[in-house]
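The lines below spell out each chain.
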Amino acid sequence: MKTASSVAQIFCCLLFVFFCFACNKDTESIRIGLAINLSGLGGTAGEHIRDGALLAVDEINRQGGVNGRPLELLVRDDENSEDGVKKADESLLEAGVAAIIGHSYSSSTVTAHPIVTSSNTLLITAYAATTKLSSKDDLFFRTSVDCTLYGKKTADWLRRKQVDSVVFLMDMANSAFVLDYVNKVKIFYQGESSEVRFHSRDQVDWSKLIRDLLAPKSEAIVMLTEASMTGVALQKLHAAGYEGLKLGSIWTHTPELMRYAGKDAEGFSLITFIDPDNNRPAYNSFSAKMMEMFQRQANARSARSYELVMILADALKRVPTINSMELKKALLAGEYETLMGKVVFDRFGDVVRPVYEVIVREGRFRNNGEL
Amino acid sequence: MSHRSLRKQVALVLSTVALPCFILVIVVAAIRNYQAVKEDYANSMRARIGVVRSLIADTVLNQESQVLNLVDRVVWLMPQEKLAVIARDLHLHRPGNTWYVVDGRGRVLLAADPFSEYVDLDFSCMGIPGNGQKVLHRQSLLTKRSMVSVQYQLGEEMQLVVEIDLANIIPNMAHFTENQLFIGEHFFVLSPSGKVIYHPDRTLVRTRANLKFAMKNISKPDANGLFTFLYQEEKYIALSEPFTVPTGWTMYYSLPWRVMFDKAARVVVGQVGLLILLFSLLFLLLVQILNYFFSKPVSRIVAALHSSDKSGEFEISPDMTGGVMELETILLAIKNRDEAIDRSFKQFQAVLDSLESIVYVADMQNHTLLFINRYARERVGDVLGQKCYRSFQTGQNVPCSFCTNDRLLDEDGNPTGVHVWEFQNVGVEQWYEYRDQAITWIDGKIVRMTIATDITDRKNAEAELLQEKEQLAVTLRSIGDAVITTDVDAGIVLLNKVAEQLTGWSQEEARGRDLTEVFHIINEKSRKICESPVERVLEYGETISLANHTLLISRDGTERSIADSGAPIRDRESQVIGVVLVFRDVTEIHKSEKELLKIRKLESVGVLAGGIAHDFNNILTVILGNLNLAEYYLDSHEKAYSLIKNADKACLRARDLALQLLTFSRGGEPVRELTSLAKLIRESADFVLHGSNIVCKYNIPEDLWSAEVDAGQMSQVIQNLVINGCHAMPNGGVVEISCVNRSLEEVAKIPFRGSGNYVEIKVTDYGAGIPDEIIDQVFDPYFTTKEEGSGLGLAIVHSIISKHGAHIGVESAIGKGTTFTILLPASIKHIEEEMLAVQTASGSGTVMVMDDDAMILEVAQQMLEYLGYEVLIAGDGVAAISLFKERQEAGNPVDLVIMDLTIPGGMGGWEAIQELQALYPEVKAIVASGYSNDPVMAEYEKYGFVGSLHKPFELAELSRKVRSVLAN
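Residues numbered from 1 in each chain as written. Chains lettered and ligands numbered in written order. Predicted model: local features only at pLDDT ≥ 70, side-chain atom pairs only at ≥ 80, totals over all residues.

A word on the overall build of chain A. Along chain A, the regular secondary structure elements total 12 helices and 14 strands. Per-residue burial over chain A gives 54% buried out of 371 residues. (Helix = DSSP H or I, 4+ residues; strand = E, 2+ residues; numbered from the N terminus. Buried ≥ 20, exposed ≤ 12 C-beta atoms within 10 Å, placed from the backbone.)

If you want it as structure tokens, here you go:
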């Protein structure tokens, strides 16, 4: 009797241990990586991306995670450099992430693509527009439109503005984007165009830059630069007395533009697929949480990362096993109604979304209509 | 419950007590130690955090010490001079640090190399300039590095903005980073938005990581200010302190929670170990002491007890107790108690063995006998250890179906008390009373104890008693009298059926009530409540009868006369335990007695009347006889003749009156003679109506048939009916008497059992009439509606009519009157009319008259001699017989003897005729008597006479009778 009791007790203990172990296995977190520029030029914009992603992950975990498993976001700084990109992605791959969200520039993404996808890991981004990654049946997905659409819409805008000559200010630190962008514009724009290239990683000679921009006497300057560069350029152009049209890209669609451009940002336009006047309840809720958690307004950067993490988490919920192929299938099968509208991936993992002209008015981005 | 040795028990108890105490102490010590460790940590951390905070603040604010000096120098200069001095003298030493000067609108006036390109740019949107020494944390526009910008006022609305690369803080913290007080400790500074300003991890600094967001499950600070948080799934304990300058920054000092916990655990473990050691030593010491002074002596005592169990002797030795006085006392007490128990056991055994009942104890689960007494052993043998059902029941191999084990315990297994029941062993026809009880046996187990006593005799006695009771009950029910029994307090115990009926109380209702409430008696005459018979019985202690004239008033108020008696009920010691009352309803008896009394009174009156009538008749005989003779000797024209005639009639009336008196008193058999009803009716009615205000109307036909009736009685009938009619018409009126001859056919229609022809006589009055409800009672004796009168008149009428084989009926209508209708059987004989003066014929022969009255003898002699007979007289039967003999022997026989029926004190006529007939069968005798209703007179032939003479008799009647007899 006593022996039986002891055996029963031991058995129960073992069972308990096994159960705990089993439970533990079931509650092991699902890791996803976020590789973006945080410390390089424009790193402040990366903070927004990180904030948006962190908020999405936090929300997902509060709601029970992905099929009961918590989602863990591993953040890596790609330093806006090739080495940084490699180091960041390798670190994430080593950590066994299910997918990598990255990077925050087209050039970085192009650099990361072979590293990540060759490791049979899904690479997904909301911030790369280069067509080098378009229309490929691979493990690359993006929620942002590519330069083809941007080129077309920019050409449309120029035509509408009756711009006959345009000069492109191109920051070659993101050459994959800027070169692609200009090429695509030129496909659809028949006017005169010239290019002024510089590298933001180097010390910028603004005087020369401005001189070069003004030399063609173009009717419009298209700035393919990030926010701080755009802001300084706007101030410089204003100081130089330039009164022509100024157009920017989605790359400069961050609050930092106002910080750096000051009042010279007034009237500045940019081509983007992010509607600054988004009044969707989901977006308003996201915006309120951003303020609560990070004491910051929601913006184009944080909204995209939030949207992307939500899409990825949804796909993770629908896969029988977590691997890149299943994720890919899940993403391709999904139709998403996000805080920024509908997202449907084509078979290559690319999207087509509405593109707007956004104008800075009274220190705020305003939607000036879909292009 | 398993038993352990004392040593083990002591050890167990000590362990049981010590362990919780030990655990409690450990827990308390652990908590206290942990708190102490935490406090120590908190104090250490607080000391360090303060230092680090100051260091960082100093590093941030005063990293470039020359800045302050320069600012002090230039603040007094002109703006251009300021700029010149700054441009010349301001060289920041740390890599990544840079500076620029802005005007009051944020426009860059001067910038360090290589950032001169930013001159004239508007930095106002970047929060520059700020008020006072504002510190901003962000990525630098100029250097692209994470920095904090510190603004210094230069005067003239100019500000010097120095950007400090946050990476430069890290070397300053190298000392702290390398010389960790606690393994895994981290100092980090977060901005108001939670971003890393300083952290040993450069990446976090460089990327301005939002560490606050990453810190999960942040607990509230405890008393020491320590709080915990989760970071990357690891738990940390931390202390935080705000910066005063720069404002909004927070210094954190964290270390892995496990570090402090391990430290605390080591402390606690150390203390616990020490405590364990201490407790163990104490425990062992205590155990040893207890063993030496307690367990071992007790073991020795136990051994001695075991030994005594076998040997029966319990010896105490000095070394047994180890010198402990208390143990020695206990031993002595054990020994004394042992002896006392042994005595007690023997007493108990003796008691049990002396019982004449089976006493046994059995296990309730397996029914094994654990104890049996001597009586049981003698009955069933030594069955100890065997099953009770096999031992005490024949042929029972399984537990008895009537086993009471289930009733001896309640749901909780507690004894329910003694269960008493009776059982008859049909095999031996013996009754047993079982007293089963669950008891705690010597081993502490609950067992069944049974005491079975043979109660066969008692059962038989009970059966007999029951039978007696039943008989008594049946007897009581059958008794015609009422029976009530009470207790000594006059509380009713029992009422039988009759008592229930008489009192109106049922047994159930009356039981327990006071007797007077149920048996409510009063005096019939005074109507006062009678004394309680119970009290009288109890007072006298003997049987008493209650007073006469006691009325019992029943519950519904009915009054009944009762006769009762009461007697004490005694127990075997002759103590009075109650009273029994027996009573009966004597209401009817009283009524009957009253009636009987009335009848006896009437009989007495009758006897008196009879006696008077007899003597009166005798006297009348003399008077009437002499008057008759006188009539014959006188001429009818003489004056004295009519006087004598009237006197004669008066005698006859007197005779009739005497006859009525006799009839009334005796109701005797009618002496029937053929009588003229018309004459009788008229005379009777006239007689009674003489002097009244009632007129009688007769309607009697000439050819009315005669009837053989007793004239006197029939006259009485007519008189009573007429008197009844008179009473119905107190103010006068007419009574009609109608007579009709009725044939058999006419009578047959009337409900009347008779045959032959009848004379119908109707007597009708026109008075008040008789109500229907009482008309059937008018002929009942004593029934009367009048205040006066015996109520016998119509009863006598009915009796006389009935004795005549006749019928009487009554019809009446209220306010119209009453008609009595008599149907008398008519006679075929005709009445021979005889003239009194002419028909008195003479004759010859010798007639002897026997009577005790001399005057009657004399007048009879004269009357017979007048008629021509030779008369002999005798005073009684003896003389008559003697004289008759003499004359017969003399050859001069007597032809006829007239003998008085009754000779007081002598031989009467009947006895005499019997003797005479015995001697001389041909003797002819006529019986004479004043008792005309006597059966001898009515049926004289049966008694040997040839005729009868009613006194007083007239001469004509005497002549006729004699001549008739002598002629036959």
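If you tally the helices and strands in chain B, you get 29 helices and 34 strands. Residues counted as buried form 32% of the 968 residues belonging to chain B. Considering only contacts in chain B between residues 6 or more positions apart, those separated by 24 or more positions represent 57%. (Contact = placed C-beta atoms within 7 Å.)

What follows covers the sheet that holds strand 26 (residues 733-742) of chain B. Residues and elements named next belong to chain B. Overall, mixed pairing links the five strands, which are arranged 24-26-27-29-28 in an open sheet. Of all strands in the sheet, those bounded by a partner on one side alone are strand 24 (694-699) and strand 28 (807-813). Each strand of the sheet is rotated relative to its neighbour by a mean of 15°, with strand direction disregarded. Bridge count between strand 26 and strand 27 (residues 758-765): seven bridges; the pairing is antiparallel. From the neighbouring strand, Val740 faces strand 27, where its bridge partner is Glu760. Helix 21 (residues 711-728) contacts strand 24, strand 26, strand 27 and strand 29 (817-825) of the sheet and is inclined by roughly 20° relative to strand 27. (Pairing = 2+ DSSP bridges. Axes fitted to C-alpha atoms, helices over the stretch in contact; angles between N-to-C directions.)

Turning next to the sheet that holds strand 15 (residues 446-454) of chain B. Residue and element names in this part refer to chain B. The strand order 12-11-15-14-13 describes an open sheet built from five strands, whose pairing is antiparallel. With partners counted over all chains shown, the strands left at the sheet margins are strand 12 (369-372) and strand 13 (419-425), one partner each. On average, adjacent strands in this sheet sit at an angle of 25° to one another, irrespective of strand direction. In this structure, strand 11 (residues 357-363) lies alongside strand 15, joined through seven bridges in antiparallel fashion. For Ile358, the partnering residue across the bridge sits in strand 15 and is Ala452.

It is worth spelling out the packing of helix 21 of chain B against helix 24 (residues 793-803) of chain B at this point. All names here are of chain B. Relative to each other, helix 21 and helix 24 sit at 145°, their axes nearing to 9 Å. You can see that helix 21 and helix 24 cross each other, and the crossing is left-handed. Of the residues in helix 24, those in contact with Gln713, Met714, Gln716, Val717, Asn720, Leu721, Ile723 and Asn724 of helix 21 are Gly793, Leu794, Ile796, Val797, Ile800 and Ile801. Split into classes, the residues belonging to the contact of helix 21 with helix 24 amount to nine nonpolar, five polar and no charged. (Left-handed = near helix turned anticlockwise from the far one by under 90°. Nonpolar A, V, L, I, M, F, W, Y, C, P; charged D, E, K, R; others polar.)

Tallying the contact residues gives 20 residues for chain B and 25 residues for chain A. The set of elements that each furnish at least two residues to the side of chain B that touches chain A consists of strand 3 (135-139) and helix 6 (202-206) of chain B. Of the residues assigned to the side of chain B that touches chain A, the class counts are six nonpolar, seven polar and seven charged.

What follows deals with the environment of B:Asp481. All names here are of chain B. Along the polypeptide, Asp481 turns up in the loop between helix 13 (456-478) and strand 16 (482-487). A sequence separation of 82 residues divides Asp481 from Ala563, and the C-alpha atoms of the two residues are 9.9 Å apart. Excluding residues that lie within four positions of it along the chain, Asp481 makes contacts with Val498, Val582, Phe583 and Arg584.

All names here are of chain B. On average, residues of chain B carry a pLDDT of 84, and 92% of them reach 70 or more. Between residues 832-838, whose pLDDT stays under 50, and residues either more than four places distant or in other chains, the model counts four contacts. On the interface metric, ipTM, the complex scores 0.84, and its pTM is 0.51. (pLDDT = per-residue confidence, 0-100.)

Let's shift gears to unusual backbone geometry. Negative phi values dominate among residues other than glycine, just as trans dominates among peptide bonds. Residue and element names in this part refer to chain B. Of note, the bond from Asp113 into Pro114 is cis; its omega dihedral lies within 30 degrees of zero at -5°. Positionally, Pro114 belongs in the loop between strand 2 (108-111) and strand 3. Residue Lys951 is joined to Pro952 through a cis peptide bond whose omega torsion reads -10°. For Pro952, the location among the structural elements is in the loop between strand 34 (947-950) and helix 29 (955-967).

With that out of the way, let us pick up helix 2 (residues 43-62) of chain A. Look at helix 2 of chain A: 28 Å from first C-alpha to last across 20 residues, which is about the 28 Å you get at 1.5 Å a residue. After helix 2 of chain A finishes, the residue A:Gly64 shows a positive phi value of roughly 105°. (Expected span 1.5 Å × (residues − 1).)

Moving on: the pairing of strand 26 of chain B. Bridge count for strand 24 of chain B against strand 26 of chain B is six bridges, and the pairing is parallel. By the bridge assignment, B:Lys697 is partnered in strand 26 of chain B with B:Glu736.

Glancing now at the nonpolar core. Residues A:Ala53, A:Ala99, A:Leu169, A:Leu224, A:Val309, A:Leu312 and B:Tyr100 are the most contacted members of the largest nonpolar core, which totals 184 residues. With 11 residues, the top contributor of residues to this core is helix 11 (residues 300-318) of chain A. When we break this core down by domain, the ones giving at least three residues each are domain 1 (30-145 + 278-344) and domain 2 (148-272) of chain A. Contact partners of A:Leu312, with chain neighbours within four places excluded, come to A:Ile32, A:Ala99 and A:Ile124. Counting 45 residues, the second-largest nonpolar core is a separate cluster that includes B:Ala880, B:Leu901, B:Ala925 and B:Val965. (Core = buried A, V, L, I, M, F, W, Y, C linked by C-beta atoms within 7 Å. Domains from an automatic or database assignment.)

Glancing now at the confidence of the model for chain A. Residues and elements named next belong to chain A. The share of residues in chain A with pLDDT of 70 or more is 93%, and the mean pLDDT across the chain is 90. Ranking the elements of chain A by mean pLDDT puts helix 1 (residues 2-26) last with 54 and strand 4 (residues 122-125) first with 96. Contacts from residues 21-25, a stretch scored under 50 in pLDDT, to residues over four places away or in other chains number zero contacts.

Residues and elements named next belong to chain B. Following the sequence through the fold, Leu409 ends up in the loop between helix 12 (405-408) and strand 13. Residue classification places Leu409 among the partly exposed positions, given that 15 C-beta atoms sit within 10 Å. Once the C-alpha coordinates of Leu409 and Ile439 are considered, the two residues, 30 residues apart in sequence, prove to be 9.9 Å apart. The residues touching Leu409, leaving out its near neighbours within four places in the chain, are Asn414, Pro415, Thr416, Ala438 and Ile446.

All right, on to helix 7 (residues 206-214) of chain A then. Residues and elements named next belong to chain A. Buried residues of helix 7: Trp206, Leu209, Ile210 and Leu213, and no others. Take helix 7 and look down its axis: the buried residues cluster within an arc of 95°, on one side only. Pointing more than 90 degrees away from the buried face of helix 7 are the exposed residues Ser207, Lys208 and Arg211. Contacts from the buried residues of helix 7 go to strand 6 (165-171), strand 7 (192-198), strand 8 (220-224) and helix 8 (227-239). (Arc of directions from axis to C-beta.)

Glancing now at the packing of helix 2 of chain A against helix 11 of chain A. All names here are of chain A. In the contact formed by helix 2 and helix 11, the axes pass within 7 Å of each other and the chain directions differ by 35°. Once helix 2 is placed against helix 11, the crossing between them reads as right-handed. Where helix 2 approaches helix 11, its residues Ala45, His48, Ile49, Asp51, Gly52, Ala53, Leu55, Ala56, Val57 and Ile60 are matched on the opposing element by Arg301, Ser302, Ala303, Arg304, Ser305, Tyr306, Val309, Met310 and Ala313. Each residue belonging to the contact of helix 2 with helix 11 can be placed in one class, and the counts come to 12 nonpolar, four polar and three charged.

What follows deals with the environment of A:Val319. Residues and elements named next belong to chain A. Looking at where Val319 falls in the secondary structure, it is placed in the loop between helix 11 and helix 12 (324-333). C-beta crowding within 10 Å serves as the criterion here: with 19 such atoms nearby, Val319 is assigned to the partly exposed category. The spatial distance from the C-alpha of Val319 to the C-alpha of Ala330 is 6.4 Å, given a sequence separation of 11 residues. Sequence-distant contacts of Val319, that is, excluding residues within four places in its chain, are made with Glu326, Leu327 and Ala330.

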